[in-house]
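Each chain, letter by letter, is given below.
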Amino acid sequence: MGGVVSSEDEVSSLPDASVRVALEKTSYRAGETVRGYLQLTITRRTALTTMTVSLAGRAWTTVQYTDGGGGGSSSAHCTARENRHLLQMEAPVAHFPSGVCDPGHFQCPFEFQLPLDVPSSMAEHKSQSRFVSGDNVARLDYCVGVVVARPGWTKRNLVHRVAIDVVAAPPPVVSPARVDETVRVTRCCCIDAGVMRLGALMARNAYQGGEAPEVHYAVANDSSQDVMCVLCSLNQTISFTAGNHRQNLNSCLARVEMPAVAKGARFGFSVNGDGAPLATATLQLPAEFRAFSCETPTISVRHSVVVHSITKSSFVKDPKVQLPVTLYRLTPLPAAFLVAAPVDGGSDGLVPVAAPLPYAPQASSAAPARGVPVDTTGDGVADS
């Protein structure tokens, strides 16, 4: 994976020409081939050297923060932005040895083989900063772009781009082990009031939107305190960085409150092979998610099921069990989630995302140019 990237390609339009991209489809799974073609219409002789189609996956992050304020000086509100390449591939589709392209209509096919380990596209997530005006933002997207080079120019020009949706490979599904926690209960901070045990397990470790995961849990309340309820929740934490600044977005995606457990009651913990069975809580997940479990250099999305027995006393440390789970998808993101403006409307100056042309390749088109990984950081390692 590449590092922080400053744009090597200027952003501009291409005069006297129409540049469009057609794609076989707009949603692809990890390992699939992205097929399409560049449709180029030149209305007047135009100075060109090469035309290249790129496939870029980027993690966009924006963090608001306050700087300074020490030694009597006033603090300043600042914005940190980062644009991290996760994938960069290029396919040269046209070369003009004379440095000039004559008027005409051309189709230049291309294809890119997606790596097996690409993360899913993630819709934009925002949170209003508590102390600074502006939003904290995280987004992960993929775009097919067209880059041109011209005679005598030292930089290439990005002239067109379309968005695609990428779906990560589904995770291995396993049956995770049960997790138990034991807490000694005290009254008035130091008076022994017995022991409380809590255990929980999931039927499996990975789920899709719309599913209803079952949480099996056990409680042994060998204390003098009543358990008011057992709370089961599925929580999401999106942690992201821009520069050296971090932001966390925490949310609860589903929760259910289970019945009280009286002092002295127990279930799910056998005594001499005898005992009541585990209780079961069912969590109903939303049909659609905007983020899915992933780990990238600047964006981390983690999910966990938390089982928490809650007592009346504020002096009791309530047992809590956390079970990591993975949320994934096999279906495309809704179109409204896929196309978004640049992060925070930032100053990167990206060409706006366009809609792809309907896919209608000419039978006489040449063999597609195959995309190859590109090293965007100078570390000798390609970004795929």
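All values derive from a computational prediction rather than experimental measurement.

1. Regarding the overall build of the protein chain
Looking only at helices and strands, one finds one helix and 25 strands in the protein chain. When burial is assessed residue by residue, the protein chain has 48% of its 384 residues classed as buried. Expressed as a percentage of contacts within the protein chain between residues at least 6 apart in sequence, the contacts between residues at least 24 apart total 74%. When the accessible surface of the protein chain is split by element, carbon and sulfur atoms take 52% of a total near 18000 Å².

2. Focus: the nonpolar core
Residues L23, M51, V93, F110, V144 and I164 are the most contacted members of the largest nonpolar core, which totals 50 residues. Among all residues touching M51, those that are not within four sequence positions of it are V19, L38, L40, P92, V93, A94, F96, V146, V147 and V148. By size, the runner-up hydrophobic cluster in this structure holds 31 residues, among which are C232, A254, L283 and F289.

3. Here's the deal with the side chain of S300
In this fold, S300 is placed in strand β22 (residues 299-311). Of the polar contacts made by the side chain of S300, one reaches the side chain of E295; its length is 2.9 Å. One polar contact links S300 to R302, side chain to side chain, over a distance of 3.4 Å.

4. Concerning the side chain of Q64
Relative to the elements of secondary structure, Q64 occurs in strand β6 (residues 50-68). Looking at Q64, its side chain comes within polar contact range of the side chain of T79, at 2.7 Å.

5. Concerning the environment of Y37
Looking at the element boundaries, Y37 is found in strand β4 (residues 33-42). Along the chain, Y37 and A22 lie 15 residues apart, while their C-alpha atoms are 5.4 Å from each other. Apart from the residues lying within four places of it in its own chain, the contact partners of Y37 are R20, V21, A22, Q107, C108, P109, F110, P358, Y359, A360 and P361.

6. Some details on the pattern of salt bridges
According to the stated counting rule, one finds 13 salt bridges in the structure shown. Its salt-bridge partner being E32, residue K25 comes within 3.3 Å of it at the nearest N-O pair. Residue classification places K25 among the partly exposed positions, given a relative accessible area of 36%. Residues R35 and E111 are paired through a salt bridge, measuring 3.5 Å at the closest nitrogen-oxygen approach.

7. A closer look at the pairing of strand β17 (residues 227-242)
Of all 16 residues that make up β17, 13 are buried, and the element is covered over most of its length. Pairing between β17 and β22: 13 bridges, direction antiparallel. Its bridge partner being in β22, S239 is matched across the sheet by S300. Hairpin remark: β17 followed by strand β18 (residues 245-258), antiparallel, with two residues in the connecting loop; positive phi at G243, about 65°.

8. Re the sheet that holds strand β9 (residues 104-113)
If you walk across this open sheet you meet the four strands as β2-β4-β9-β24, and the pairing is mixed. Edge strands, defined here as strands with exactly one partner in the open sheet, are β2 (17-23) and β24 (369-370). Here seven bridges tie β2 to β4, and the two strands are oriented antiparallel to one another. Looking at the pairing, L23 lines up with G36 of β4.

9. Points about the confidence of the model for the protein chain
On average, residues of the protein chain score 84 in pLDDT, and 83% of them are at 70 or above. Note that residues 1-8 has pLDDT below 50 and, in this model, 21 contacts with residues that lie over four places away or in other chains. Every residue in residues 340-348 is under pLDDT 50, and counting partners more than four places away or in other chains gives 19 contacts.

10. Side note on the packing of aromatic side chains
Describing an aromatic ring pair means giving the distance of the ring centres and the angle of the ring planes. Here the structure, examined in full by the defined rule, presents four aromatic pairs. Taken together, a centroid distance of 5.7 Å and an interplanar angle of 75° make the contact between Y217 and F267 edge-to-face. Taken together, the positions of Y217 in strand β16 (residues 214-223) and F267 in strand β19 (residues 266-267) put the pair 50 residues apart, joining distant regions of the chain. Taking the relative accessible area as the measure of exposure, Y217 reaches 3% and is therefore buried. Residue F267 is classed as buried on the basis of its relative accessible area of 16%. Cation over ring: R178 sits above F269, and NZ or CZ is 4.8 Å from the ring centre. Across from the ring centre of F269, 4.5 Å away, lies the NZ or CZ of R197, which sits over that ring.

11. Let's talk about the environment of G210
Structurally, G210 is set in the loop between β15 (206-207) and β16. C-alpha separation for the pair G210 and E288, spaced 78 residues apart in sequence, amounts to 7.2 Å. With near-sequence residues (within four places) excluded, G210 lies in contact with Q284, L285, P286 and A287.

Conventions adopted
Residues numbered from 1 in each chain as written. Predicted model: local features only at pLDDT ≥ 70, side-chain atom pairs only at ≥ 80, totals over all residues. Heavy atoms only, no water. Helix = DSSP H or I, 4+ residues; strand = E, 2+ residues; numbered from the N terminus. Buried < 20%, exposed > 50% of the residue type's maximum accessible area, 1.4 Å probe, protein only. Contact = heavy atoms within 4.5 Å. Areas by Shrake-Rupley, 256 points an atom, 1.4 Å probe, with all protein chains shown as cover. Core = buried A, V, L, I, M, F, W, Y, C linked by side-chain atoms within 4.5 Å. Polar contact = N/O pair within 3.5 Å; in protein donor to acceptor, adjacent residues only side chain to side chain. Salt bridge = Lys/Arg side-chain N within 4 Å of Asp/Glu carboxyl O. Pairing = 2+ DSSP bridges. pLDDT = per-residue confidence, 0-100. Phe/Tyr/Trp six-rings, centres within 6.5 Å; stacked < 30°, edge-to-face > 60°. Lys NZ or Arg CZ within 6 Å of the ring centre and 35° of its normal.

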